[in-house]
Amino acid sequence: MTIWIAIAATAVGCYLVKLAGLLVPAHTLERPVVQRLAALLPVALLAALTAQQTFSDNSSLVLDARAAGLAAAAVALMMRAPFLIVVGAAVAVTAGVRALGG
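Outline the overall build of the chain, listing residues and values.
Of regular secondary structure, the chain possesses 5 helices and 2 strands. Listed by position from the N terminus, the elements making up the chain come as α-α-α-β-β-α-α. Against the globule reference of 13 Å for 102 residues, the chain gives a C-alpha radius of gyration of 20 Å, more extended than a compact globule. Its C-alpha atoms give the chain principal-axis dimensions of roughly 55 × 45 × 25 Å.

Quick rundown of helix 1 (residues 2–23)? Include the residues and the values.
An α-helix turns once every 3.6 residues. As a result, residues three or four positions apart point the same way. An ideal rise of 1.5 Å per residue puts 32 Å on 22 residues; helix 1 measures up with 31 Å between its terminal C-alpha atoms. For helix 1, a buried count of 0 out of 22 residues is recorded, marking the element as mostly open to its surroundings.

How would you sum up the side chain of threonine 94? Please name residues and give values.
As for its position among the elements, threonine 94 is in helix 5 (residues 83–99). Setting aside its immediate chain neighbours within four residues, threonine 94 contacts Ala65, Arg66 and Gly69.

Outline the packing of helix 3 (residues 32–55) against helix 4 (residues 65–78), supporting the account with residue identities and numerical values.
Any two packed helices are characterised by the angle at which their axes cross and by the distance between the axes. One way to put it is that helix 3 packs onto helix 4 with a least axis distance of 8 Å and a crossing angle of 140°. In terms of their interaxial angle, helix 3 and helix 4 are classed as oblique. Of helix 4, the residues touching helix 3 (which contributes Thr50, Gln53, Thr54 and Phe55) are Arg66, Ala67 and Leu70. A class-by-class count of the residues in the contact of helix 3 with helix 4 yields 3 nonpolar, 3 polar and 1 charged.

Describe the pattern of salt bridges, with residues and values.
Scanning the model with the defined rule gives 1 salt bridge in all. Notably, a salt bridge pairs arginine 66 with aspartate 64, separated by 3.3 Å at the nearest N-O pair. For arginine 66, a relative accessible area of 25% translates into the label partly exposed. For aspartate 64, a relative accessible area of 29% gives the class partly exposed.

I'd like a description of the side chain of threonine 54, backed by residues and values.
In this structure, threonine 54 sits in helix 3. Judged by relative accessible area, threonine 54 falls into the buried class, the value being 8%. Not counting chain neighbours up to four residues away, the residues in contact with threonine 54 comprise Val62, Asp64, Arg66, Ala67 and Leu70.

Go over unusual backbone geometry, please, and point to the residues and values.
The phi torsion at asparagine 58 lies on the positive side, around 60°, for a residue other than glycine. Assignment of secondary structure puts asparagine 58 in the loop between strand 1 (56–57) and strand 2 (60–61). By relative accessible area, which is 77% here, asparagine 58 ends up exposed. For arginine 80, which is not a glycine, the phi torsion comes out positive at approximately 60°. Relative to the assigned elements, arginine 80 resides in the loop between helix 4 and helix 5.

Cut-off values and rules
- Residues numbered from 1 in each chain as written.
- Predicted model: local features only at pLDDT ≥ 70, side-chain atom pairs only at ≥ 80, totals over all residues.
- Heavy atoms only, no water.
- Helix = DSSP H or I, 4+ residues; strand = E, 2+ residues; numbered from the N terminus.
- Rg over C-alpha atoms; globule rule 2.2 N^0.38 Å.
- Expected span 1.5 Å × (residues − 1).
- Buried < 20%, exposed > 50% of the residue type's maximum accessible area, 1.4 Å probe, protein only.
- Contact = heavy atoms within 4.5 Å.
- Axes fitted to C-alpha atoms, helices over the stretch in contact; angles between N-to-C directions.
- Parallel < 35°, antiparallel > 145°, perpendicular 65-115°, else oblique.
- Nonpolar A, V, L, I, M, F, W, Y, C, P; charged D, E, K, R; others polar.
- Salt bridge = Lys/Arg side-chain N within 4 Å of Asp/Glu carboxyl O.

Taken by themselves, the reported measurements are silent on function.
Okay, here's the thing in structure tokens:
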């Protein structure tokens, strides 16, 4: 029964956040600071999720094949490679390191 309470509370919370977003006045959303924050926030969240998924294992810090793949993707990005090449480099390096026992 507790799980259903959590699901209901989450659903109500999501609805209230959506409602709060609709109630914000338009002139507030047109401020340059708000627009810049709205543009940069998804990038920051994606970077945080990537770091958490790459360098953590439960509650400990790890450095394994995922980190090597991320480094390969970073190098490919610095070389201005197309997105598909960046993903392919990350996959290839991660698979290679895991195949070598890392």
